[in-house]
Amino acid sequence: MTDPLSREERCGLLAEAEPGELRALADACLADGADVRVLLAPEVGCVQTQVREPVAGERFLLGDVLACRAEVELAGHRGWAMRLGDDRAAVLAAAVLDAEVEAGRAHAAEVDELCREVARRLVEREEREWAELAPTVVEFEELT
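Overview of the structure. Quick caveat, the model's predicted, so the values are computed rather than measured.

The next thing to look at is the pattern of salt bridges. Oppositely charged side chains are able to pair whenever their charged atoms sit close together. Considering all chains together, one arrives at 14 salt bridges under this definition. Note that D98 and R10 form a salt bridge whose closest N and O atoms lie 2.9 Å from each other. Of the two residues, D98 sits in helix α3 (residues 88-102) while R10 sits in helix α1 (residues 7-14), which places them 88 residues apart along the sequence. Under the relative-accessibility criterion, D98 is labelled buried at 0%. Under the relative-accessibility criterion, R10 is labelled buried at 3%.

If you look at soluble globular proteins, the nonpolar side chains tend to sit buried side by side. Counting 28 residues, the largest nonpolar core has L14, L22, V96, L97, V111, L114 and C115 as its most contacted members. Among the elements of the structure, α1, α2 (19-30), β2 (59-74), α3 and α4 (108-133) are those that each provide at least two residues to this core. A per-element tally of this core places α3 first, with nine residues. What C115 contacts, discounting residues up to four positions off in sequence, is L5, R10, L13 and L14.

As a further point, take the sheet that holds strand β3 (residues 77-84). Strands sit in the order β1-β2-β3 across an open sheet of three strands; the sheet is antiparallel. Each edge of the sheet is formed by a strand with only one pairing partner; in this case those strands are β1 (36-52) and β3. Shown here is a sheet whose adjacent strand axes are inclined to one another by a mean of 25°, direction ignored. Pairing of β1 with β2 involves 14 bridges; the strand directions are antiparallel. Pairing of R52 across the sheet is with R59, part of β2. Its contacts with the sheet put α3 on β1, β2 and β3, and the angle it makes with β3 is roughly 145°.

Taken together, the side chains of E126, E127, E129 and E132 make up a negatively charged region of the molecular surface. Among the structural elements, E127 can be located in helix α4.

A separate point is the packing of α2 against α3. Relative orientation of the contacting elements α2 and α3 amounts to 50°, with a least axis distance of 8 Å. The angle between α2 and α3 places the two elements in the oblique class. Judged by the twist between their axes, the crossing of α2 over α3 is left-handed. On α3, the residues touching P19, L22, R23, L25, A26, C29 and L30 of α2 are A89, A90, A93, A94, V96, L97 and E100.

The next thing to look at is the side chain of R105. Tracing the backbone through its elements, the reader meets R105 in the loop between α3 and α4. Judged by its relative accessible area of 18%, R105 falls in the buried class. Looking at R105, its side chain comes within polar contact range of the side chain of D32, at 2.9 Å. There is a polar contact of 2.8 Å between the side chain of R105 and the side chain of E100. The residues touching R105, leaving out its near neighbours within four places in the chain, are C29, D32, A34, L74, A75 and E100.

Turning our attention to unusual backbone geometry. Positioned with a positive phi, A75 is a non-glycine residue whose angle comes to about 50°. Checked against the element boundaries, A75 lands in the loop between β2 and β3. By relative accessible area, A75 is classed as partly exposed at 37%.

Conventions adopted
- Residues numbered from 1 in each chain as written.
- Predicted model: local features only at pLDDT ≥ 70, side-chain atom pairs only at ≥ 80, totals over all residues.
- Heavy atoms only, no water.
- Salt bridge = Lys/Arg side-chain N within 4 Å of Asp/Glu carboxyl O.
- Helix = DSSP H or I, 4+ residues; strand = E, 2+ residues; numbered from the N terminus.
- Buried < 20%, exposed > 50% of the residue type's maximum accessible area, 1.4 Å probe, protein only.
- Core = buried A, V, L, I, M, F, W, Y, C linked by side-chain atoms within 4.5 Å.
- Contact = heavy atoms within 4.5 Å.
- Pairing = 2+ DSSP bridges.
- Axes fitted to C-alpha atoms, helices over the stretch in contact; angles between N-to-C directions.
- Patch = residues over 30% accessible without salt bridge, like charges linked within 9 Å, V, L, I, M, F, W, Y side chains within 5 Å.
- Areas by Shrake-Rupley, 256 points an atom, 1.4 Å probe, with all protein chains shown as cover.
- Lys, Arg positive; Asp, Glu negative; His and termini not counted.
- Charge placed at Lys NZ, Arg CZ, Asp CG, Glu CD.
- Parallel < 35°, antiparallel > 145°, perpendicular 65-115°, else oblique.
- Left-handed = near helix turned anticlockwise from the far one by under 90°.
- Polar contact = N/O pair within 3.5 Å; in protein donor to acceptor, adjacent residues only side chain to side chain.

None of this, on its own, says anything about what the molecule does.
Below you can see the structure in the form of structure tokens.
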């Protein structure tokens with residue numbers, strides 16, 4: 001059995017999921033007619049991206065990125081989401097999925113499955129990127 005995802009992990013993975021899979025699962029979550037309220041309608045804006053330089057460990061601002069956020073209440077539990085870009089429907093769906101898990105409702109396990117699938121895809125993508133870069137690695141001989 002796998003460890004449960006933290007809310008931060010879940011929200012981060014939902015931010016990386018495909019819009020279509022978010023909308024389809026959110027529709028399934030709402031199909032039972034549960035009370036849902038939009039607390040913060042999808043809002044598009046810019047957020048500053050900060051990175052840490054790996055050698056010196058110093059942080060600096062990389063630039064601004066377009067992001068969208070939303071907040072909902074589903075069956076008395078709040079759900080929140082933020083995604084890069086301006087896809088309002090996807091961010092609203094992600095917020096519904098977060099609330100579904102927070103409420104411990106029927107589709108919570110499916111939301112966790114989706115998150116784990118997204119995590120698997122991200123690992124595979126990173127491995128492919130490194131495999132493409134491997135032939136370009138320059139190795140230096142050590143001078144003694």
